[in-house]
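Structural characterization, general
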Amino acid sequence: MAYTLDRNPSPESPRLGAMTLHPTAESVPRARRWFHKFIAPYNPACSVDDCALMISELVTNAIVYGRADDPWVVRVEWYREGTSLRVEVHNPGFPANVRLRKPDANDAHGRGLFLVDSIADSWHSGPSRFGGTVVSFVMADAWLS
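An account of the accompanying structure is given in this report. All of these numbers come straight from a predicted model, not from anything done at the bench. (Residues numbered from 1 in each chain as written. Predicted model: local features only at pLDDT ≥ 70, side-chain atom pairs only at ≥ 80, totals over all residues. Heavy atoms only, no water.)

**Focus: the nonpolar core**
One recurring pattern in soluble globular proteins is that nonpolar side chains are buried together. Note the cut-off: The set of buried Ala, Val, Leu, Ile, Met, Phe, Trp, Tyr and Cys residues whose side-chain atoms join them within 4.5 Å is what this entry labels a nonpolar core. Summary of the burial criterion: residues with accessible area below 20% of their type's maximum are buried, those above 50% are exposed, and those between are partly exposed, where the area comes from a 1.4 Å probe applied to protein chains only. Numbered from the N terminus, helices here are DSSP runs of H or I no shorter than four residues, and strands are runs of E no shorter than two. Contact definition: two residues touch when any of their heavy atoms are within 4.5 Å.
In this structure, Phe35, Val59, Val76, Trp78, Leu85 and Phe137 are the most contacted members of the largest nonpolar core, which totals 33 residues. When residues of this core are traced back to their parent elements, those giving at least two are β2 (15-21), α1 (27-39), α2 (48-65), β3 (74-81), β4 (84-91), α3 (112-119) and β6 (133-139). Per-element accounting of this core gives the leading share, eight residues, to α2. Sequence-distant contacts of Val76, defined by excluding residues within four places in its chain, comprise Gly17, Ala18, Met19, Leu21, Ile55, Val59, Val87, Glu88 and Val89.

Rendered as structure tokens:
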């Protein structure tokens, strides 16, 4: 199986869902589709398409830059925190490798985190609680109340 899905584990949890993906190219569109499907019932006011685009970019980066000796996965989790939506993408890479680039017009790569920085209200990278790296973004006012 190339993925697993985990819905909200309890009514008290701020986590709305999670998915675990194998580090393969087909996981990128799968992440977009499943995020669309499982965030829809929560009816966020923010652009779900923008969130799916940012998830695509971060999952792509996780697949390209994640490294581990053993078989590994990319984990995507999304949370409601008050009126904000926070999305996390975890991979076994190193936190020091995450950096914002300003690509030239002719550069073929390097726009993923730049897009996240341009669209999200904020983003963060650091050590993942699963080991490796987490890159997250926040969409403020994703819910009106």
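**As for the side chain of Glu88**
Defined as follows: Two N or O atoms form a polar contact when they lie within 3.5 Å of each other; inside protein one atom must be a possible hydrogen donor and the other a possible acceptor, and for residues adjacent in sequence the pair counts only when both atoms belong to side chains.
Topologically, Glu88 is positioned in strand β4. For Glu88, a relative accessible area of 9% translates into the label buried. A polar side-chain atom of Glu88 sits 2.8 Å from a polar atom in the side chain of His90. Within polar-contact distance, the side chain of Glu88 engages the side chain of Arg129 at 3.2 Å. With residues near it in sequence (within four places) discarded, Glu88 still touches Arg75, Val76, Glu77, Tyr79, Arg129, Val134, Val135 and Ser136.

**Let's talk about α1**
Under the convention used in this document: A helix is expected to reach a length of 1.5 Å times the quantity of its residues less one. The directions considered for the arc run from the helix axis to the C-beta atoms.
Between the first and last C-alpha of α1 there are 18 Å, a value that for 13 residues agrees with the 18 Å anticipated at 1.5 Å per step. Listed in full, the buried residues belonging to α1 are Ser27, Val28, Arg30, Ala31, Trp34, Phe35, Phe38 and Ile39. Summarising the axial view, the buried residues of α1 lie within an arc of 155°, below the 170-degree limit, and thus occupy one face.

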